[in-house]
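What the coordinates show
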Amino acid sequence: MSELVKNEAAQNMVTLTIDDHTMSVPEGTLVVDAARSIGLDIPVFCYHPKMEPVGMCRMCLVEIGTPMRDRTTSEPILEDDGSPKIQFFPNLMTGCTFRASEGMVVRGYTEKVTAARKEVLEFLLTSHPLDCPTCDKGGECPLQNLTMQFGDGESRFIYDEKMHSAKHVALGDLIFLDRERCIQCARCTRFQDEIVDDQVIGFSNRGRALEIVTFSDPGFDSYWSGNTTDICPVGALTTADFRFGARPWEMNASASICNHCAVGCNLTFNTRREVKSGGEKIIKRVMPRQNEAVNEIWICDKGRFAYHFTASDQRLNQPLIRKDGKLVPSSWELALDLVTSRFKNAGENLVTLAGGRLSNEDLFNLAELSAHLGGDALLYSDMAGGDLVSRLGVGEGTNFSDMGPETAILVVACNLEEEAPLWWLRIKQAAERGAKVIVANPRKTKLDRSAIHNLRYEYGQEAGLVTALLSAISPKQPKSPAFVNKLAKDKEVKAAAKALSEAENTVILFGSEGTSYAASAALAQACANLLIASGHIGRPNNGLIGVWDKGNAQGAWDMGLRPSEDLDAALKTSQAVYISAADPAGDSKQYASALKKADFVVVQELYMTATAELADVVLPAQAFTEREGTYTSGERRVQRFYPAVPSLPDLLPDFGITAEIAGRLGLELEKTAPASVMLQIAEVVPDYAELTYQKLAKVEKQFPLIGREDVYYGGTSYQNSQGLGVQLKPAAQNGDSPVLVITELPEVKLSGEELLAVPVTRLLDLGNTVTPSEVLVTRLAKPHVALHPQDAEKLGVEWGSKVKLILNGSTQTVLVEFDNSMPHGVVLVPRSLGIPIISPTPATIKVL
Amino acid sequence: MLRPGALMRGMWTTFKSMFEKPVTVMYPQVKRPVSKRFKGRHELKRYDNGLEKCIGCALCAAACPADAIFVEASENTDEQRYSPGERYASTYEINFLRCIYCGFCEDACPTEAIVLGDNYELSYTNRSEAIYTREMLLVPVHPSAAPTPQKVAPGTFDRPIPEMEDPD
């Protein structure tokens, strides 16, 4: 039920009757929600179960009556037959603003109500263009459906007097507005204001001339814009990506999971055959799928629009082998035999490097193969702490939606909206319910608006800050560096520490803002220490969450892969390297030269990445949209994704390729059925014991009831019928009692005139899986760095100008942006924009 | 038992029909005109100015009981205009091996673009030939009109559903 209902769930239950159905709901439930919770229809346009009611559209008018009471005795007045006498309000009431009370009677189908609905619809249609045949919403349109259900076939208004307005207004690069179709329900503007706090669109003018306008530059500048098209009850807002792509009834739906970040949003891929693709089935659009414990009914624009990579014509479609310095096509047999013989020779000098976008099954097989030969199985990531998350992660049953005043949430070293947008949204909403959000970050982030304490520290001191929080709450402390002691005495830090330790529940999220691998390891350990010391482990809504850079990084940790502390050395000293779904050479020239030194490099990929260019053998793999598998989110929820489109011919899934190689080396691994790999995982990995694909596919009834036939209520987000996933129990919940581990804090070194370049994360970066989506191109970040305006002034750099950035010995021309909330002496370098940055590094900026 | 005279009566009927006017015609030299409501091969109609009536709404495909129609839509611009309004059919295919000539597509069409014509002389030497594309289904442009895509003045054709005569 709506947020409102949930808050008051602890309160009394009341019994009311709607159209002869008697039900019990928590006191304060809106009449519309009460009706919907048992599948009754009270039609609405402006009301949305995730937003506060406004009662603007009048579609939900119903007759409402309450039991009469004697004024002197306040005893109920009874009818002759002994039933309570009901007094109806003289006028129709809006069901979306009226709250249920004891004994209430609601009538939704009387003559008065039906007549009112007819009139409301007639008024809404006075200016509606009725161009349903060309409208993208046609077929899943609340206005269309409710007009068919409740409207009159005739209108008393003159067709020629319809209001005509602009039909093709680009609100931004992603969203188009048809002003004629808008029925002024304000769902989109309220969504932007109330839910995602990006006030970039609004109403302009009044009455019939009222229209939606955007007042941001660029237009509709929000990571959440796509959701407004889902909740728009007419076809006024449509996405640029799907515009006229297909009619809703023509498409098939496949359940999937987003792998762009660690949240693991539930998606639905809508697919259809397309002439342009030679009659092949392709993904036409991405829609959210309801999972109230993960993404509710929302997804960010990256998840919605950055899906084109799987259908890119740049996909590799056959194995390649290096002959005379060139990669030439080969047969699978030849390529696999070559790989096998070289791996056999390499033995324990084989280095396996996997990216966090692979599924658990792929990672398990890779780890098994690596263990069989005695080599190292490495995760390509600059973040540490996955082992701590599996021990001290959030308890089974954790749900951000359940968090309220009893919960404290610490978000440290993380620009959460950029790194994991849905978690930002859910933590923001938790804060609105009273959760105490504490943000510790060197610069301002959007989550600061929801925080009760904003803690600032210098880049590199993130672990120190968390240790300071620990010092502030615990009486005896080991020796700490001076800056930690100083931070611990800070009033704000003390207050934050108090809030964290006193809260019944505490969740800590750590990100990768400005951290190297070593800094991340120290940070994760410090966060773990804080949780252990304050006793916030092993319970639901308590524990550690890693805001990983890749969708299944947690799964990789769970499957036993670990990032290397010195990847450079590991690559150089290996005899064979097996890289899957990672592009180290594209990220850093250092890794590229290390790979050139490696004897034999096998790359298993979707495209010809910079790393694949250096490979001796390139093995093409199926995209995750073409196969089955599971991902483990940062909250350690294992979720299934299903095949949406057929595979390119002759391609195998990643785990299948690994199993083929393993088979040739005498190790029997599952080649075809990912469900069987999961059975093996359940045997080998203790946390995954008893996990099966069947369990992952289980669903429960979720509130509000979304999707289904009645799109008018929650929008076009899909109902979840393919699995809510299973949240794993961390070791702490299984009785493991961890102890504090005090690690040495990494020191910050700065010298001379140099600036400290620190890596930060942008949501819409230039990653391999993002750039193939043409619709996003204008929204993607350009190669840029951010400076404090005062530093920029000193250097004589203007906003938006080009400068030379000298970093790790390489020079690059980049644009400059300002950020006046960041510390001095620092230059922020976003990851995955083609600027090689792995850890905080001294850098020089020269004006061009 | 054969009744006497029955054979003779039958022979007489045969003999008599030799002098009747034949009901058959010498097809294909001679062709019968089809009835006004005959349902033959479809045609995609145009407006007088040459713009296509089809707006790519795919309601014909939705109505088709044999799943014979495949439509893909794209967006019109004033530089390259195929039909009035924002949307036109960039792909329009009818598989005549599937079509049962029921005319539901014609009923569903909001712009009277798809019309079942008079042509019943359809033959194919392979299956893919039975799939008629948009170009094959579109009627030729009237000599006085311009072919599509047309370059038009902005704002001239921004509504997809033209003013239609009242069906009453």
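Residues numbered from 1 in each chain as written. Chains lettered and ligands numbered in written order. Predicted model: local features only at pLDDT ≥ 70, side-chain atom pairs only at ≥ 80, totals over all residues. Heavy atoms only, no water.

**A look at the domain arrangement of chain A**
Operational definition: The split into domains, and so the bounds of each, comes from an automatic or database assignment of domains.
Domains assigned within chain A are domain 1 (2-109), domain 2 (122-239), domain 3 (320-382 + 556-701), domain 4 (386-547) and domain 5 (755-847). Once you take the C-alpha centre of each, domain 1 of chain A and domain 4 of chain A turn out to be 42 Å apart.

**A look at helix H5 (residues 187-195) of chain A**
All names here are of chain A. Heads up, the condition is: Exposed residues in this analysis have more than 50% of their type's maximum accessible area, buried residues have under 20%, and partly exposed residues fall in between, with area computed by a 1.4 Å probe over protein chains only. Helix numbering and strand numbering both begin at the N terminus, where a helix is a DSSP run of H or I of at least 4 residues and a strand a DSSP run of E of at least 2. A contact between two residues is defined here by any heavy atoms of the two lying within 4.5 Å.
The element H5 is extensively covered by neighbouring structure, given that seven of its nine residues are classed as buried. Of the residues making up H5, those classed as buried are Arg187, Cys188, Thr189, Arg190, Phe191, Gln192 and Ile195. Turning to H5, the residues buried within the fold contact strand S9 (201-204), strand S10 (211-214), helix H6 (225-231), strand S11 (237-239), helix H12 (421-432) and helix H25 (711-714). Where H5 ends, the next residue or the one after it, Asp197, has phi of about 55°, a positive value.

**Topic: the environment of A:Glu119**
All names here are of chain A. Among the structural elements, Glu119 can be located in helix H3 (residues 111-124). Judged by relative accessible area, Glu119 falls into the partly exposed class, the value being 40%. Placed 61 residues apart in sequence, Glu119 and Arg58 show a C-alpha to C-alpha distance of 10.0 Å.

**Observations regarding the nonpolar core**
Among soluble globular proteins, nonpolar side chains are generally buried collectively. All names here are of chain A. In plain terms, the rule: Buried Ala, Val, Leu, Ile, Met, Phe, Trp, Tyr and Cys residues form a nonpolar core when they are joined through side-chain atoms within 4.5 Å.
Ranked by size, the top nonpolar core spans 213 residues in total, and within it Phe343, Leu416 and Leu509 carry the most contacts. Considering each element in turn, this core owes the most residues, 10 residues, to helix H16 (residues 517-534). Not counting chain neighbours up to four residues away, the residues in contact with Leu509 comprise Phe400, Ile409, Leu410, Val411, Val412, Leu416, Trp423, Ile427, Ile545 and Val547. Counting 24 residues, the second-largest nonpolar core is a separate cluster that includes Leu316, Leu571, Ala585 and Val618.

**A word on the sheet that holds strand S27 (residues 629-632) of chain A**
Residue and element names in this part refer to chain A. The condition is simple: Two strands pair if DSSP finds at least two bridges between them. Lines fitted to the C-alpha atoms define the axes, with helices restricted to the stretch that makes contact. Angles between their N-to-C directions range from 0 to 180 degrees.
Read from one edge of the open sheet, three strands run S27-S28-S29, paired in antiparallel fashion. Strand pairing shows two members of the sheet lacking a second neighbour, S27 and strand S29 (726-727), which therefore form its edges. The sheet contacts of helix H9 (residues 360-373) involve S27 and strand S28 (637-641), and relative to S27 the element is tilted by about 90°.

**A short note on the pattern of salt bridges**
Two side chains with opposite charge may pair up if their charged atoms get near one another. Residue and element names in this part refer to chain A. Our working definition: We define a salt bridge as a contact between a side-chain nitrogen of Lys or Arg and a carboxyl oxygen of Asp or Glu at a distance within 4 Å.
This model, assessed by the stated rule, comprises 53 salt bridges over all chains. Here Asp710 makes a salt bridge to Arg36, at a shortest N to O gap of 2.6 Å. With Asp710 in the loop between helix H24 (693-696) and H25 and Arg36 in helix H2 (residues 31-37), this pair connects stretches of sequence that are 674 residues apart. Both residues of the pair, Asp710 and Arg36, belong to the buried class.

**Comments concerning the pairing of strand S23 (residues 543-546) of chain A**
Residue and element names in this part refer to chain A. Quick reminder of the rule: A crossover gets the label right-handed when its path from the first strand over the helix to the second runs clockwise, viewed with the strands pointing away from the viewer.
Taken together, the four bridges between strand S22 (residues 505-510) and S23 define a ladder with parallel strand orientation. Following the sheet pairing, Phe510 is matched in S23 by Gly546. For the crossover that starts at S22, traverses H16 and ends in the parallel S23, the hand is right-handed.

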